[in-house]
Amino acid sequence: MKPHVANWSTKIRCARIVARDGTTVRITESPVDLIMTNGQVYRSDTGYEFTGYDDQASMAPGSFDLTGILDHGISRDQIGSGVFDSARIWAFSTTWNAPVEDEEPGAVAFLGKTSIGDTTYSTEVMSLGDVLSQQNNRSYTPQCPYVLFDQHLGQELIASTRSKCIGPRSSPDGPNIEAFKVYGSITSVTSQYQFQDTSRTEEDDWFTAGEVLFLTGANAGLRALRIKLSTAGGQFYLHGGMFYMPQVGDTYVMIPGCRKRRQEDCRVKFNNVKNIGSQPDVPTASEYTQVGRGS
């Protein structure tokens, strides 16, 4: 049962999309901008449209789709670089003559698969109820399944039972991302996959499997990129190319990576072997099914 229902004769639908880095887009299907009682402005020039909504009086999760025009609220760059991957969306109804944010809650969901056209995008929206249908059982594996620091650059802590690299939330006892962040600027560019910062003094492989997030330049504000290889002298090779060609002087923030090795990474590099999430000593099937041989 909804706590409140907006006046049906003046009802209008709105949505608030919040990316994992905090970027927020407020949109409405109203022909004019709506200013809520709390001062937040929901824009009408985004080309946003509900293309369908399904809700049932059962345990089955509701679903809906969104269609919008690129570069009005959500840009092609943000979608293409993954800024809005798994963003959370709050859909609600209110009245156009007396708009109140979240007046009649409609759904809370995550943005899913997005298709980009020439000037438009269409995205599937998955209800929070879909999480209940996901399998979350742990598997025995020789490789640690956790995310280093339980956090990516530009994103908040990962609230998941599978993310325990820094220990229980009530008493974090592992490496802190703030202690490992480094800042710098590009001194030379080879391609969208390779750049250098000659001021870096870290050893070979220190940043391999880490992340870099650009703070200035054409790539600023886009998703952090994974580092494929780092070498002494500040050479960096990326898994995926930067969205735009970087320029000398572009500044960045960077964190080292974990290659999931118990001795070299968990024990020596991060002093965090107690929080390892793998079982590297469990014998494999080829080992425990061997037939014994007589002497």
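Scroll up a little and you will see the structure.
I will try to describe carefully the structure that is included in this document. (Residues numbered from 1 in each chain as written. Predicted model: local features only at pLDDT ≥ 70, side-chain atom pairs only at ≥ 80, totals over all residues. Heavy atoms only, no water.)

1. So, the pattern of salt bridges
Then, in step 1: Counted by the stated rule, this structure contains 12 salt bridges.
Then, in step 2: Where Glu 101 meets Arg 16, a salt bridge forms, and the shortest distance between an N and an O atom there is 3.3 Å. On the criterion of sequence distance, the pair formed by Glu 101 in the loop between strand S7 (88-95) and strand S8 (104-116) and Arg 16 in strand S1 (residues 11-18) is long-range, its members being 85 residues apart. Here Glu 101 and Arg 16 have matching classes, each one buried.
Then, in step 3: Here Asp 102 and Arg 16 are joined by a salt bridge, their closest N and O atoms 3.2 Å apart. Of the two residues, Asp 102 sits in the loop between S7 and S8 while Arg 16 sits in strand S1, which places them 86 residues apart along the sequence. (Salt bridge = Lys/Arg side-chain N within 4 Å of Asp/Glu carboxyl O. Helix = DSSP H or I, 4+ residues; strand = E, 2+ residues; numbered from the N terminus. Buried < 20%, exposed > 50% of the residue type's maximum accessible area, 1.4 Å probe, protein only.)

2. Section: the nonpolar core
Then, in step 1: By size, the foremost hydrophobic cluster in this structure holds 17 residues, and its most contacted members are Ile 17, Ile 74, Phe 84, Ile 89 and Leu 111.
Then, in step 2: Of all the secondary structure elements, the ones that give two or more residues to this core are S1, strand S2 (24-28), S8 and strand S9 (120-127). (Core = buried A, V, L, I, M, F, W, Y, C linked by side-chain atoms within 4.5 Å.)

3. Focus on the pairing of strand S15 (residues 235-238)
Then, in step 1: Looking at chain direction, strand S12 (residues 194-196) and S15 are connected through three bridges and run antiparallel. Of the residues in S15, the one forming a bridge with Gln 194 is Tyr 237.
Then, in step 2: Alignment of strand S14 (residues 225-231) against S15, held across four bridges, turns out to be antiparallel. If you follow Ile 227 over to S15, its bridge partner there is Leu 238.
Then, in step 3: What sits between the antiparallel neighbours S14 and S15 is a turn of three residues, in which Gly 233 has the positive phi angle 100°. (Pairing = 2+ DSSP bridges.)

4. Observations concerning helix H3 (residues 262-269)
Then, in step 1: Here H3 has its buried residues at Asp 265, Cys 266 and Lys 269. Considered in projection along H3, the buried side chains sweep an arc of 120° and stay on one side of the axis.
Then, in step 2: Remark: Asn 271 follows H3 within two positions and exhibits a positive phi of approximately 50°. (Arc of directions from axis to C-beta.)

5. Some words on the environment of Ser 115
Then, in step 1: Mapped onto the secondary structure, Ser 115 falls in strand S8.
Then, in step 2: Look at Ser 115 and you get partly exposed, because its relative accessible area is 41%.
Then, in step 3: When the C-alpha positions of Ser 115 and Ile 79 are compared, they lie 9.2 Å apart, and in sequence the two are 36 residues distant.

6. With respect to the sheet that holds strand S10 (residues 182-185)
Then, in step 1: Pairing is antiparallel across the open sheet formed by seven strands, whose spatial order is S10-S16-S13-S14-S15-S12-S11. Edge strands, defined here as strands with exactly one partner in the open sheet, are S10 and strand S11 (188-191). Strand-to-strand twist of the sheet, defined as the mean angle between neighbouring strand axes without regard to direction, takes the value 30°.
Then, in step 2: Where strand S13 (residues 211-214) and strand S16 (residues 251-255) come together, four bridges link them in antiparallel fashion. Counted as the bridge partner of Phe 214 is Tyr 252 from S16. (Axes fitted to C-alpha atoms, helices over the stretch in contact; angles between N-to-C directions.)

7. So, the side chain of Thr 28
Then, in step 1: Mapped onto the secondary structure, Thr 28 falls in strand S2.
Then, in step 2: Of note is the side chain of Thr 28, whose polar atom sits 3.1 Å from the backbone nitrogen of Ser 30. (Polar contact = N/O pair within 3.5 Å; in protein donor to acceptor, adjacent residues only side chain to side chain.)

8. Digging into the pairing of S16
Then, in step 1: Among the five residues that make up S16, four are buried, leaving the element largely enclosed by the rest of the structure.
Then, in step 2: In terms of strand pairing, S10 meets S16 through four bridges, oriented antiparallel. By the bridge assignment for S16, Val 182 is matched with Met 254.

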